[in-house]
Structures are given as structure tokens and as C-alpha cells.
Amino acid sequence: MFIPHTKEDQQQMLAKIGAKDIQELLAQIPEKFLYPAFKLPAALTEQELTAHLHALAAKNKSLKNFIGAGMYEHFIPAAVPALSSRGEFLTAYTPYQAEASQGTLQTIYEFQSCMCALMGMDVATASHYDGATAMTEAALAACRITDRSEIIISTLLHPHYKEVLQTYTRHMGITLTEAKVQQNGTLSLPDLKDQLSDKTACFILQTPNFLGNLEEAQAVSEAVHAAGALLVAVVNPISLGVVQTPGEYNADFAVCEGQPLGNPVSFGGPGLGVLTAKKAYVRQLPGRLVGIAQDKDGKRAFVLTLQAREQHIRREKAASNICSNEALCALNAVIYLTLLGPQGLKEVAELNVERAHQLAERINQVPGFKAGTGAAFFNEFVVTCPRPAAQIISALEQQGIAAGYDLGQCCPQMTNCLLVCVTELRTEEDLQAYTTALRGL
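Residues numbered from 1 in each chain as written. Predicted model: local features only at pLDDT ≥ 70, side-chain atom pairs only at ≥ 80, totals over all residues. Heavy atoms only, no water.

**What to know about the side chain of glutamine 206**
Part 1: Its location among the elements puts glutamine 206 in strand E5 (residues 200–207).
Part 2: Among the polar contacts listed, one links the side chain of glutamine 206 to the backbone nitrogen of histidine 158, at a separation of 2.8 Å.
Part 3: Among residues more than four places away in sequence, those in contact with glutamine 206 are Leu156, Leu157, His158, Glu215 and Val234. (Helix = DSSP H or I, 4+ residues; strand = E, 2+ residues; numbered from the N terminus. Polar contact = N/O pair within 3.5 Å; in protein donor to acceptor, adjacent residues only side chain to side chain. Contact = heavy atoms within 4.5 Å.)

**So, the environment of alanine 402**
Part 1: Residue position: alanine 402 is located in strand E13 (residues 401–402).
Part 2: Sequence separation between alanine 402 and alanine 15 is 387 residues, and the spatial gap between their C-alpha atoms is 57 Å.

**Let's talk about the pairing of strand E7 (residues 253–257)**
Part 1: In terms of burial, E7 is largely enclosed, as 5 of its 5 residues are buried.
Part 2: Across the two faces of E7 the burial is the same, with Phe253, Val255 and Glu257 and Ala254 and Cys256 all buried.
Part 3: Inspection of the sheet shows strand E6 (residues 230–235) paired to E7 by 4 bridges, in the parallel sense. Note on E7: the bridge partner recorded for valine 235 is cysteine 256.
Part 4: In this sheet, strand E8 (residues 273–277) lies alongside E7 in antiparallel orientation, the contact comprising 5 bridges. Pairing of cysteine 256 across the sheet is with valine 274, part of E8. (Buried < 20%, exposed > 50% of the residue type's maximum accessible area, 1.4 Å probe, protein only. Pairing = 2+ DSSP bridges.)

**Some details on the pairing of strand E4 (residues 175–179)**
Side-chain positions along a regular strand alternate between the two faces of the sheet.
Part 1: Note that strand E3 (residues 150–154) and E4 share 5 bridges and pair parallel. In the sheet register, isoleucine 152 faces E4, and the bridge partner there is threonine 177.
Part 2: Viewed along the sheet, the connection from E3 through helix H8 (residues 159–169) into E4 turns out right-handed. (Right-handed = clockwise from strand over helix to strand, strands pointing away.)

**Quick word on a nonpolar patch on the surface**
Part 1: Among the surface-exposed residues, Ile17, Leu25, Leu26, Ile29, Phe33 and Leu34 lie close enough to one another that they form a single nonpolar patch of about 540 Å² accessible area.
Part 2: By the secondary structure assignment, leucine 26 is in the loop between helix H2 (22–25) and helix H3 (46–57). (Patch = residues over 30% accessible without salt bridge, like charges linked within 9 Å, V, L, I, M, F, W, Y side chains within 5 Å. Areas by Shrake-Rupley, 256 points an atom, 1.4 Å probe, with all protein chains shown as cover. Salt bridge = Lys/Arg side-chain N within 4 Å of Asp/Glu carboxyl O.)

**Here's the deal with the sheet that holds strand E11 (residues 370–371)**
Part 1: Ordered by their spatial adjacency, 4 strands build an open sheet running E11-E12-E15-E14, and the pairing between neighbours is antiparallel. A single partner strand is all that each edge strand has here, and the edge strands are E11 and strand E14 (405–406).
Part 2: Strand direction decides the pairing type here: E14 and strand E15 (residues 417–421), joined by 2 bridges, are antiparallel. Along E15, the bridge assignment pairs tyrosine 405 with leucine 419.
Part 3: Against the sheet, helix H11 (residues 327–363) touches E11, strand E12 (380–384) and E15, its axis set at about 10 degrees to E12. (Axes fitted to C-alpha atoms, helices over the stretch in contact; angles between N-to-C directions.)

**Digging into the packing of helix H6 (residues 102–119) against H11**
Part 1: Running from N to C, H6 and H11 cross one another at 40 degrees; their axes reach a closest spacing of 9 Å. Put simply, H6 runs oblique to H11. When you trace H6 past H11, the crossing you get is left-handed. Facing H6, whose interface residues are Thr107, Glu110, Phe111, Cys114, Met115 and Leu118, H11 presents Ala330, Leu331, Ala333, Val334, Leu337 and Leu345.
Part 2: Taken together, the residues of the contact of H6 with H11 break down into 10 nonpolar, 1 polar and 1 charged. (Parallel < 35°, antiparallel > 145°, perpendicular 65-115°, else oblique. Left-handed = near helix turned anticlockwise from the far one by under 90°. Nonpolar A, V, L, I, M, F, W, Y, C, P; charged D, E, K, R; others polar.)

**Some remarks on unusual backbone geometry**
Part 1: A cis amide bond, omega 0 degrees, links threonine 207 with the succeeding residue proline 208.
Part 2: Structurally, proline 208 is set in the loop between E5 and helix H10 (217–226).
Part 3: Cis geometry is adopted by the peptide bond preceding proline 270, which originates at glycine 269 and carries an omega value of 0 degrees.
Part 4: By the secondary structure assignment, proline 270 is in the loop between E7 and E8.
Part 5: In the Ramachandran plot, asparagine 250 falls in the positive-phi region, its phi being about 65 degrees despite a non-glycine side chain.
Part 6: Tracing the backbone through its elements, the reader meets asparagine 250 in the loop between E6 and E7.
Part 7: Judged by its relative accessible area of 37%, asparagine 250 falls in the partly exposed class.
Part 8: Even without being a glycine, phenylalanine 267 presents a positive backbone phi close to 55 degrees.
Part 9: Positionally, phenylalanine 267 belongs in the loop between E7 and E8.

Below, the structure is given as C-alpha cells:
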């Protein structure tokens, strides 16, 4: 029984199946499993409904956002949603099958091209659920390629990414080992070299790491390859406007969460998993890859070239059985990068660096607070507080500021530490309000 059905419609359906009312129809279901009847108010006119929704929206808190920790709030040009919400894109059938339209295939091809250029890598898949699953798929591919069963990760890999990797590998006979870190919140390279062995399939390097610090990626890459292992790089895509690309330090796989590229935070999702690799490993990539060809008339044609999904090949041969193409999010990323271009992306990245460092310098002038760990950072940094971070967050929320991420949630020994993120959206007034609020404590 759905809302459009009138009482007459309902009676006609009940009569057809031999029940006098809904209660008789549901009589066999124990009462504890039945919801009470909904008492809905009378219908509103369009004008009344609009006013009601505005009143509800007005109850939402509008906070100056300094939270990052994996999902980042950036400025999204109006052209991005205007173009991606066109009916041709918004209503297109998900491109699982070979009959996908040329338009959809072309957007995926453009996405792959953008991701290869952004990461400095050879090939890219047609996107995945999110950054964590893309990273895990890359690590599993490394195990298949090397025929090894140990994955080493940095202790400063995002904790949610760790959990996803643990879930995937729990029953696969794969060993997960964590590499030690230094006092300044970066990887300990000598310790990593000692841990690498002929059993190591890959090392997963996140830079910037979970604390926002930049790693010595070139030195790590050389050490990993010297041990015969592969390097999986996890990056912030916006940071690539100013730091080395994974391709430049010879990563074998490079992944990221593509949400910062033209997609809103949206309470934590949906995400956009970006997975790129060297050409030599293209047949180990999960999902689909779109290629460009010519039809019999010599016209350009886009085709699904490689499809290592269980829907397309024998299940036991499939590289993965859970990958999905986040097509609309991927399209947003393509439009965003096309609008900005290389110079625009560089300028956005520079603004992130500049404003994050400005705030860090100001926080260091507030008695009792210390910003940074001594390592270079991009747009996110640790703030050590004189009291638990949860209290700081609660106090600043009353002043309209989302102060950051409480690191005590994932690291019990860091209950007095905040992870603070500053993007190009944060103005001079926002930075001043943040430091004023801290002084007021």
C-alpha cells in the first residue's frame, strides 16, 4: 500500500486477496514487529511546504569548518553542479555493461585521463567506492604481482583505511605489519628498511599522512624497491598542485580519495576512489577501463577495453567483486579539474598551504597551545592543547567554529590533540576568529 493509492484503491486490492482490512492482512505477524499507524498531518500546499522546509533548514548550525581527517571542504565552482546535473549525466544508467552510451564512456575516459595526468601515472580505472577501497585493491594487486603475502603500512595511515584493509585481508593469509614513526610524526625510514624483506609485497605510504605531515616519498620509494617490493602511494589530490606526484617518485600504484575534486563533503559521502598504476600492472587492476578506438567508418569510438569484474569474467579469476564506478562523482572531478587546469590547481594548493601555515603560526602565539609536530605539512596539522581536545571542540562550537578532529578518538594517547585543517575556503576573518576563540579559553 503506497501513498498514491486512495482508500478505494486499497479496498479493491484487499477484496481481491480476500482480506477486509490491513489489520487482517497482517494478522500473522507478531504485534511486536508491527509499527503503529502513522499519524501524518494534513497535506501542505507547495508554498506552505517550502516555508516549512526553510524553517527546518534554519535550525541547522552553520559553523566555520576546520575539520579534515580524510574529507575536505573546498570551493566548488557553480559550473560543476550545473553541468553534472544535466539530465544526460544525472539519469544515465550506471555503466556496468557493454551497452553503456558513448557519452558515459567518454566521461569515464576523460576521468581516467585526468587522473593519470594528476598522479603522473600510466593507467587509471573507472573509479571505485572511495579512497580506502581503492588503496586496498592496489595492495591486493601487489600481492598477486609479487606472489608475496606481507603488506607493511605506516602507523600514520588513516585509521579508517587500516580498518578497511584489515577487513579485506582477514581471511586471505595476508600479514599486515605497521612501520614505526618518528617523534615528529613522520615515518622512520631506518626502521622501515629493517622491516622490509623478501616476503614484503608492498609498502603503503600516505603523504600527507593522517597527521597532515609530508613524508620523504623519494627515499621511501628507493628503499621499498631495493627490497623487491612495490610502493602504493596514498595522496591528497589537491596537494599534487605543489608537491611531487607519485609518478615522479616511481610509485607502482597511486590512489586517493577524490572527494576534494569538486564533490561536497555531504556528511561523509559519497566518496570517489581513484586508483592508478604503472602500465605493466594494468591487467591486475579491478573494475573497468575505457579505451578509445575507431568504428568501421573511421569515427572515434569509446569502448570498455578491460573488464576484470566478476560480471564479465569467471568469478574466481576476477580481481575484485565489489568495485563500483562512482560515475557522477567522477564526472564532478573531471569538470572541476578541467575548469581549474594545472595552474588553477596549483593556486588552490598554494592557498591551502599559505592559510594553514598562517593559522599554525597564530595558534603558536596562544599560551598553552602548540601547532605542528616539527615536520612539513600541507593543509592539516596537529594542535597540542592544554586540556582534552573534546573540551576545546565543545567550547568553540558555541562560538560557531568546528575546531577540528579529536585525535583521541583513534589514538588514546593523543586525547589533548586536535587535527586542524585549513582550506582555501577559510578567510582571514575565520583565522582570526579561531585564534581569538582559543585565547578566550
